[in-house]
Amino acid sequence: MSLDSEAVKRIAWLARLSIDDDRVADYARDLSGILDFVEQMNAVDTGSAMPLAHPLDQSQRLRPDEVVESDQRERFQQQAPAVEAGLYLVPKVIE
Amino acid sequence: MHNSTIAQLAEGLRAGRFSSLELTQAFLQRIERLDPGLNCYVTVTAEQALAEARAADARLAAGNAGPLTGIPISQKDIFCTQGVRTSCGSRMLDSFVAPYDATVVERFKQAGAVMLGKLNMDEFAMGSSNETSFYGPVRNPWDTGCVPGGSSGGSAAAVAARLTPGATGTDTGGSIRQPASFCGITGIKPTYGRVSRWGMIAFASSLDQGGPMARTAEDCALMLQVMAGFDERDSTSVDRPVPDYRAALGGSVEGLRIGLPKEFFGEGLDGEIATVLQQAIDELRKLGATVHEISLPNMGLSVPAYYVVAPAECSSNLARYDGVRFGYRCEAPKDLHDLYCRSRGEGFGAEVKRRILIGTYALSAGYYDAYYLKAQKIRRLISEDFRKAFEQVDVIVGPTAPSVAFKFGEKTADPIAMYLSDIYTIAVNLAGLPGMSVPVGFCGRLPVGMQLIGNYFDEARLLNVAHRYQQVTDWQTRAPEGCA
Amino acid sequence: MEWETVIGLEVHAQLATRSKIFSGAATAYGAEPNTQACAIDLGLPGVLPVLNREAVRMAVKFGLAIGATIAPVSVFARKNYFYPDLPKGYQISQYDLPVVATGQMTITVDGAVKTIGITRAHLEEDAGKSLHEDFHGSTGIDLNRAGTPLLEIVSEPDLRSAKEAVAYMKKLHALVRYLEICDGNMQEGSFRCDANVSVRRKGDSRFGTRAEIKNLNSFRFVERAINFEVERQIELIEGGGAVVQETRLYDSVKDETRSMRSKEEANDYRYFPDPDLLPLEIGAALIGEVRATLPELPDAKQQRFRSDYALSDYDAEVLTATRELADFYEAVVRSAGCDAKLCANWVMGDLSAALNEANLEITASRVDADRLAGLLQRIADDTISGKLAKQVFETMWQEGATADAIIEREGLRQITDSSAIEAIIDRIMADNPGQLAQYRAGKDKLFGFFVGQAMKATQGKANPQQLNELLKRKLDA
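How each quantity is defined
- Residues numbered from 1 in each chain as written.
- Chains lettered and ligands numbered in written order.
- Predicted model: local features only at pLDDT ≥ 70, side-chain atom pairs only at ≥ 80, totals over all residues.
- Heavy atoms only, no water.
- Helix = DSSP H or I, 4+ residues; strand = E, 2+ residues; numbered from the N terminus.
- Rg over C-alpha atoms; globule rule 2.2 N^0.38 Å.
- Buried < 20%, exposed > 50% of the residue type's maximum accessible area, 1.4 Å probe, protein only.
- Contact = heavy atoms within 4.5 Å.
- Areas by Shrake-Rupley, 256 points an atom, 1.4 Å probe, with all protein chains shown as cover.
- Lys, Arg positive; Asp, Glu negative; His and termini not counted.
- Charge placed at Lys NZ, Arg CZ, Asp CG, Glu CD.
- Salt bridge = Lys/Arg side-chain N within 4 Å of Asp/Glu carboxyl O.
- 1 Å grid on protein atoms, 1.4 Å probe; cavity = no way out; pocket = protein on both sides within 12 Å on 5 of 7 lines; lining within 4 Å.
- Points joined across faces, edges and corners; volume = space filled by probe spheres on them.
- Nonpolar A, V, L, I, M, F, W, Y, C, P; charged D, E, K, R; others polar.
- Buried area = accessible area lost by both parts, 1.4 Å probe.
- Polar contact = N/O pair within 3.5 Å; in protein donor to acceptor, adjacent residues only side chain to side chain.
- Core = buried A, V, L, I, M, F, W, Y, C linked by side-chain atoms within 4.5 Å.
- Bend = angle between axes of the 7 residues up to and from the residue.
- Expected span 1.5 Å × (residues − 1).
- Domains from an automatic or database assignment.
- Phe/Tyr/Trp six-rings, centres within 6.5 Å; stacked < 30°, edge-to-face > 60°.
- Lys NZ or Arg CZ within 6 Å of the ring centre and 35° of its normal.
- Pairing = 2+ DSSP bridges.
- Axes fitted to C-alpha atoms, helices over the stretch in contact; angles between N-to-C directions.

Concerning the overall build of chain C
Each helix and strand counted, chain C has 17 helices and 17 strands in total. Its C-alpha atoms give chain C a radius of gyration of 30 Å, more than 25% over the compact-globule value 23 Å for 477 residues. By principal-axis analysis of the C-alpha atoms, chain C measures approximately 95 × 55 × 55 Å. Expressed as a percentage of the 477 residues in chain C, the buried residues total 56%. In chain C, the proportion of contacts linking residues at least 24 apart, taken out of those at least 6 apart, comes to 68%. Counting only carbon and sulfur atoms, one obtains 47% of the accessible surface of chain C, whose full area is about 20600 Å². Each charge class in chain C was averaged separately, 56 positive and 70 negative side chains, and the resulting centres sit 2 Å apart.

Structure (structure tokens):
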């Protein structure tokens, strides 16, 4: 599977990653190489194998419906690059 | 003091031969002196460590100390530490101070351990050589021209160089075992779900598992005793009693059935390493173990499957780093899209970006079945291989890595060559089994690790086998030049 | 050309849990921004989700109420996209294995009963809110709502008009409130929907291309938005154009839908099972436990009201619109022990009008069921007339006293003593000889004059029926 520069740009856009124009070709080469490598998977017929998403065969535990968290806005927002009036700020969103 | 094991230090503290404060100061001095040449620590928390040491001394004096009270340990910088920067080796989190402790950190605090600092690592644990860290590579104390392995390279090097008696690591595809092997120390990746992932920054959630790295199996047992256990904050944590790991060390190896997968000893394994391993296996045989050849037929597919599953999960896990609520934000974004793309583009390094891109691609419309679903099916086949193997044997033994520590830059240009350095460890993560690396000798100046793989929740047996081996050998006592 | 409209609704009902679906933060509405967003809701590094039991029980309750299949194993999946109100860069939802599958509900439109299929209902987390007021050219993000549990209820494309869509949505609205799994507050966004709308030529078996109208949060908007969209699509096709599959937004001020191109670009959601959560297993024990908590459902209650209280279809429907109203009505009937139809008239009439005027919910009524029953008993036993009862009710509403106390205090007791009424009639006839003569000469409509005079003389307290009879007898004598 080989990815061209356009494909890399499209994936980078989906992943919201800026990539310098002069690096796009390198990424295309590396990613194509990785995909080729990964395609060794096709060497085996996985047929009816049940996909394994979790190593252990367990089910989801349920939590009681209790409020156990208190307001920590001030602490949390110390980590934020831009806040005002308790809100996180981002460049204007146009709907 | 620095050459003592955790078990010995704990005994010394209890006997009053030295205080935790003295012990802590001694390690802090070593770090100050030796770490500039090794770059193991991203952050040294000297003041906090001294305060914790004093508190530990008070606890020791009061007689309510646990086995690790007053023992200095260091945390891989992937575990959140309240009030102390948690960088995950990334520019993205260079200024991130976690508002909470990881469960693992909390448990060490409760045990009265003293945190010396936060250890360097591959960025977001993505790497096998520690060369992807934003803070620069860690150097291997056995040969500073070589990598320490990764991603827990800072942890392995710090333990090997006696800059800490014990460290935490995390292992998604070999990140505890491979650096333990490269640095000549002992490390165990427990069964998936044994150690809480709460506060441990996620790389690939279904594979990540924290574990201890120390000089001996006994020390690993002491640390794992503190780390392991159910945590209601982690849905994947397993509610199952934790055995007494140290007590289990006394068990015999007599009659132990050891499986040697033929796939682990074929081409690709360095001949010298094979020789060293053979000697270690002979030691185990002398201790009464029996050796059986087994087969794990789908092992060859583990690295390809891993490089779908891990990047897919990582592409989603790392979507939260968007420059809005925490972490790196680009200068003067011109719009929302620019904020996202540049914050992430500038905040993440090349390897992290490669994996996010691969994962994004593998999950995208039209490719999911061919990549992600296929990889999950292979995961099933691999775990079936192990299940069958453990019907015949108690422990699987093989190399931890196909080579000893390699030179800086040797594999950075070729991602796949780098990925293949985890060829023997990755399958264990895909299946969620416990795996361990034990130092068993040297090739030239560089240490060789032997991997022990156990059945689910069979950590006690792995530690026991490693401990018995370490009773009759002394590889774990060797120190790199200048570090003894 | 005859056109047929095809509509499917995706209704989002916020589940009325105390804490969020994956964290222990509160879900209460209206808190200061970001004070109810904990580390998990913010998606800080290293945090993990744990599923709220109550959210699961509520989903099961809904599934049982619509006769659906409860999946023995369902899976949480991540829906990946970037948006500032989505902290983790993915929404935890359910994709190919939802908790509730294939149920149905009946609606009645213009007397016709129709069954609407419900494809699925799945659990997911709500996003936060973007506040577009200007912060120096920035948008503010409030994540209090992030992580609030939602049940997304997806219908089959079985709806054929805006009217049907509204009827379906209203029915769902009543149901989730009956089940007490959602407060149904549409203004606060607790109950909202996306409408998938397409048109096709009558007789076509294939569906037309659909447009999805996002975030409709009132019944009126659902109706208007669909009607606008249907017309837009028909005009487009008749004008030689084609409908584009896209997401549209309804602008209630301009009463039109418009394309949301910003959302169009990123529709590769890259769903995959959330590795932080394990498969959700729901066994017979949990289902049995939840089944035991199921209340009488609206349809069954309506049926019972018709048979037990001999109410009309209309009355039964109105009185069962909410569980609270139905409970109130039944409390009145029980307490009054009298004519259920009289009770129905008063609950639907004067009481509802007073509630509307005061903008109060039935549960906050100033006249409770017992006191209303007390008043109705006085009508039934002829203590007061229906007309005076309205006056008494007014006073009860204002003062909070019982009907009996007001009747007593104001001397409103009806005069039913025939001799007393006759005496009054005699006096009136004597006082108005001219009118009496004219009446007796055939001017029948003067009867009303005598009724008026008698009522005036008794301050309206004469039993009207009795008065009529006596007056007629005496005038015609």
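Quick notes on the pattern of salt bridges
Scanning the model with the defined rule gives 61 salt bridges over all chains in all. Note that R378 of chain C and D381 of chain C form a salt bridge whose closest N and O atoms lie 2.8 Å from each other. Note on R378 of chain C: relative accessible area 19%, which makes it buried. Through salt bridges with shared partners, a single ionic network connects R23, D26, R29 and D30 of chain A together with E351, R354 and R355 of chain B.

Some points on empty space enclosed by the protein
Residue and element names in this part refer to chain C. The full count for this structure, using the stated rule, is eight cavities of 30 Å³ or more. Estimates place the volume of the largest cavity at around 160 Å³. I40, D41, K88, I92 and E125 are the residues nearest the centre of the largest cavity, which is lined by 22 residues in total. Those elements that place two or more of their residues in the lining of the largest cavity are helix 1 (39–42) and strand 6 (90–94). Taken together, the residues of the lining of the largest cavity break down into twelve nonpolar, two polar and eight charged. Of the voids in this model, the second largest cavity is the one considered here, and its volume is about 80 Å³. Looking at the lining of the second largest cavity, its residues break down into six nonpolar, three polar and three charged.

Thoughts on unusual backbone geometry
In the segment running from G150 of chain B into S151 of chain B, the intervening peptide bond is cis, with an omega of 5°. Tracing the sequence through the fold places S151 of chain B in the loop between strand 3 (114–119) and helix 5 (153–160). One non-glycine residue, R16 of chain A, lies in positive phi territory at about 50°. A positive phi is found at R270 of chain C, a non-glycine position, where the angle reads about 45°. Tracing the chain through its elements places R270 of chain C in the loop between helix 5 (261–264) and strand 16 (272–273).

Comments concerning the interface of chain A and chain C
How large an interface is tends to be reported as the accessible area lost when its parts come together. Listed as interface residues are 33 residues of chain A and, on the opposing side, 56 residues of chain C. Carbon and sulfur atoms supply 59% of the area that chain A and chain C bury against each other, a total of about 3900 Å² over both sides. Along the contact surface separating chain A from chain C lie zero salt bridges. On the surface where chain A and chain C come into contact, there are 21 residue pairs in polar contact (both at pLDDT 80 or more). At the level of secondary structure, the elements contributing two or more residues to the side of chain A that touches chain C comprise helix 1 (5–14), strand 1 (62–63), helix 3 (73–77) and strand 3 (87–91) of chain A. Looking at the side of chain A that touches chain C, the element that brings in the most residues is strand 3 of chain A, giving five residues. When the residues that make up the side of chain A that touches chain C are grouped by side-chain class, the tally is 15 nonpolar, six polar and twelve charged.

Quick look at the nonpolar core
Soluble globular proteins: nonpolar side chains tend toward being buried together. Counting residues in hydrophobic clusters, the biggest one holds 209 residues, and the most contacted among them are F124, F386 and L452 of chain B. Per-element tally for this core: the top contributor is helix 10 (residues 302–317) of chain B, with nine residues. Sequence-distant contacts of F124 of chain B, defined by excluding residues within four places in its chain, comprise C88, S90, M92, L93, I201, F203, L318, Y321, F348 and V352 of chain B. Counting 71 residues, the second largest nonpolar core, distinct from the first, contains W3, I153, L159 and C193 of chain C.

Re the interface of chain B and chain A
Each side of the interface is counted separately: chain B has 73 residues, and chain A has 49 residues. In total, chain B and chain A occlude about 5200 Å² of area from one another, counting both sides; carbon and sulfur atoms represent 68% of this. Between the two partners, chain B and chain A, sit one salt bridge. R354 of chain B serves as the salt-bridge partner of D30 of chain A, at 3.0 Å between the closest nitrogen and oxygen. Along the contact surface separating chain B from chain A lie 18 residue pairs in polar contact (both at pLDDT 80 or more). Of all elements in the fold, only helix 10, helix 11 (336–347), helix 12 (350–363), helix 13 (369–392), helix 14 (415–419) and helix 15 (426–431) of chain B reach the threshold of two or more residues within the side of chain B that touches chain A. The greatest single-element share of the side of chain B that touches chain A, amounting to twelve residues, is contributed by helix 13 of chain B. Looking at the side of chain B that touches chain A, its residues break down into 41 nonpolar, 18 polar and 14 charged.

Quick word on helix 2 (residues 20–38) of chain B
All names here are of chain B. Its maximal kink placed at E32, helix 2 deviates by approximately 40°, while the proline P36 follows within four residues. Within helix 2, burial applies to S20, L21, L23, T24, F27, L28, R30, I31, L34, D35 and L38. For helix 2, the elements touching its buried residues are helix 1 (6–15), strand 1 (41–44), helix 3 (46–62), strand 2 (72–76) and strand 3. Positive phi shows up at N39, right after helix 2, with a value of about 65°.

Re helix 9 (residues 271–286) of chain B
Residues and elements named next belong to chain B. Its 16 residues place the ends of helix 9 23 Å apart at the C-alpha level, agreeing with the 22 Å of an ideal helix rising 1.5 Å per residue. Looking at the buried positions of helix 9, the neighbouring elements they touch are strand 7 (257–261), strand 8 (290–294), strand 9 (395–399), strand 10 (435–443), strand 11 (446–454) and helix 16 (459–472). Regarding helix 9, its N-cap is D270, as a side-chain oxygen of that residue lies 2.8 Å from the backbone nitrogen of E272 further along. Remark: G288 follows helix 9 within two positions and exhibits a positive phi of approximately 110°.

Focus: the side chain of K61 of chain C
All names here are of chain C. As for its placement among the helices and strands, K61 is situated in helix 2 (residues 53–65). It turns out K61 is buried and unbridged, and the closest side chain with the opposite charge, E180, is 5.0 Å from it. Apart from the residues lying within four places of it in its own chain, the contact partners of K61 are L179, I181, V290, T293, L294 and P295.

Some details on the domain arrangement of chain C
Taken domain by domain, chain C holds domain 1 (10–182 + 253–290), domain 2 (323–410) and domain 3 (418–476). For domain 1 of chain C and domain 3 of chain C, the distance between their C-alpha centres works out to 68 Å.

Focus on the packing of aromatic side chains
Under the criterion given, the structure shown has 32 aromatic pairs over all chains. In this structure, K170 of chain C packs its charged tip against the face of F219 of chain C, placed 5.5 Å from the ring centre.

Notes on the side chain of T43 of chain B
Tracing the sequence through the fold places T43 of chain B in strand 1. With near-sequence residues (within four places) excluded, T43 of chain B lies in contact with V84, R85, G117 and K118 of chain B.

Brief notes about the sheet that holds strand 16 of chain C
The three strands lie next to each other as 6-5-16 (chain C), forming an open sheet whose pairing is antiparallel. Taken across any chain shown, the strands that pair with only one partner, and hence form the sheet edges, are strand 6 and strand 16 of chain C. Two strands pair when backbone bridges link them, and strand 5 (residues 76–80) of chain C and strand 6 of chain C are joined in this way by five bridges, in the antiparallel orientation. If you follow A77 of chain C over to strand 6 of chain C, its bridge partner there is S93 of chain C. The sheet strands contacting helix 10 of chain B are strand 5, strand 6 and strand 16 of chain C, and the helix crosses strand 5 of chain C at an angle near 65°.

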